[in-house]
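Architecture at a glance
What follows is the residue order along each chain.
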Amino acid sequence: MDVQGRWWNGVWGRLGRRDIWLMSDGDRWIARGRLGGDEGQEVRHQFDNEDRARDVVKRMMALSAGTWRSLLDPLRRESQRRQVGD
């Protein structure tokens, strides 16, 4: 599965942290949410189209406090920087 989107609510600590992923293998789309850091509870919703998956991602963000930010772009930039440095 390829990660199409990755967001974090900007809150540190296991009680307030929220993470969301949007993933796809081309046929299936998965909206995955995690409450509370690495050991937190996770939910997954599987869809057959991108629009429905993105709607669930938007709802997850709307229901959780914090300032949501994309982590995918910084991760991609870091990966590219490392490849250029090799």
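Here's a quick rundown of the structure. Here the structure is a predicted model, which means the values were calculated and not measured. (Residues numbered from 1 in each chain as written. Predicted model: local features only at pLDDT ≥ 70, side-chain atom pairs only at ≥ 80, totals over all residues. Heavy atoms only, no water.)

With that out of the way, let us pick up the overall build of the chain. Summing up its helical and strand segments, the chain has 2 helices and 5 strands in all. When its helices and strands are written in sequence order, the chain yields β-β-β-β-α-β-α. Contacts in the chain between residues at least 24 apart in sequence constitute 35% of all its contacts with a sequence separation of at least 6. Carbon together with sulfur atoms contributes 46% to the accessible area of the chain, which is approximately 6100 Å² in total. (Helix = DSSP H or I, 4+ residues; strand = E, 2+ residues; numbered from the N terminus. Contact = heavy atoms within 4.5 Å. Areas by Shrake-Rupley, 256 points an atom, 1.4 Å probe, with all protein chains shown as cover.)

Taken as a whole and assessed by the stated rule, the structure comprises 8 salt bridges. In this structure, the salt-bridge partner of E42 is R34, at a minimum N-O distance of 3.8 Å. With a relative accessible area of 37%, E42 lands in the partly exposed category. The class for R34 is buried, based on a relative accessible area of 9%. (Salt bridge = Lys/Arg side-chain N within 4 Å of Asp/Glu carboxyl O. Buried < 20%, exposed > 50% of the residue type's maximum accessible area, 1.4 Å probe, protein only.)

So, on to the sheet that holds strand β4 (residues 41-47). With antiparallel pairing, the 5 strands of this open sheet are ordered in space as β4-β3-β2-β1-β5. Every other strand in the sheet has two partners, leaving β4 and β5 (69-70) as the edge strands with one partner each. Summarising the sheet, strand β2 (residues 18-24) and strand β3 (residues 29-35) pair through 7 bridges and their orientation is antiparallel. Bridge pairing links M23 to I30 in β3. This element, helix α1 (residues 50-62), spans β1 (2-8), β2, β3 and β4 of the sheet and lies at about 15 degrees to β3. (Pairing = 2+ DSSP bridges. Axes fitted to C-alpha atoms, helices over the stretch in contact; angles between N-to-C directions.)

Before going further, it helps to spend a moment on the packing of aromatic side chains. Under the definition given, this model contains 1 aromatic pair. Judged by centre distance (5.0 Å) and plane angle (70 degrees), the rings of W8 and W12 are edge-to-face. Since its relative accessible area comes to 8%, W8 is described here as buried. Just above the ring of W21 sits the side chain of R32; from NZ or CZ to the centre is 3.9 Å. (Phe/Tyr/Trp six-rings, centres within 6.5 Å; stacked < 30°, edge-to-face > 60°. Lys NZ or Arg CZ within 6 Å of the ring centre and 35° of its normal.)

Two faces, one strand: in a regular strand the side chains alternate between the faces of the sheet. Where β3 and β4 come together, 7 bridges link them in antiparallel fashion. Bridge assignment links G33 to a residue of β4, and that residue is V43.

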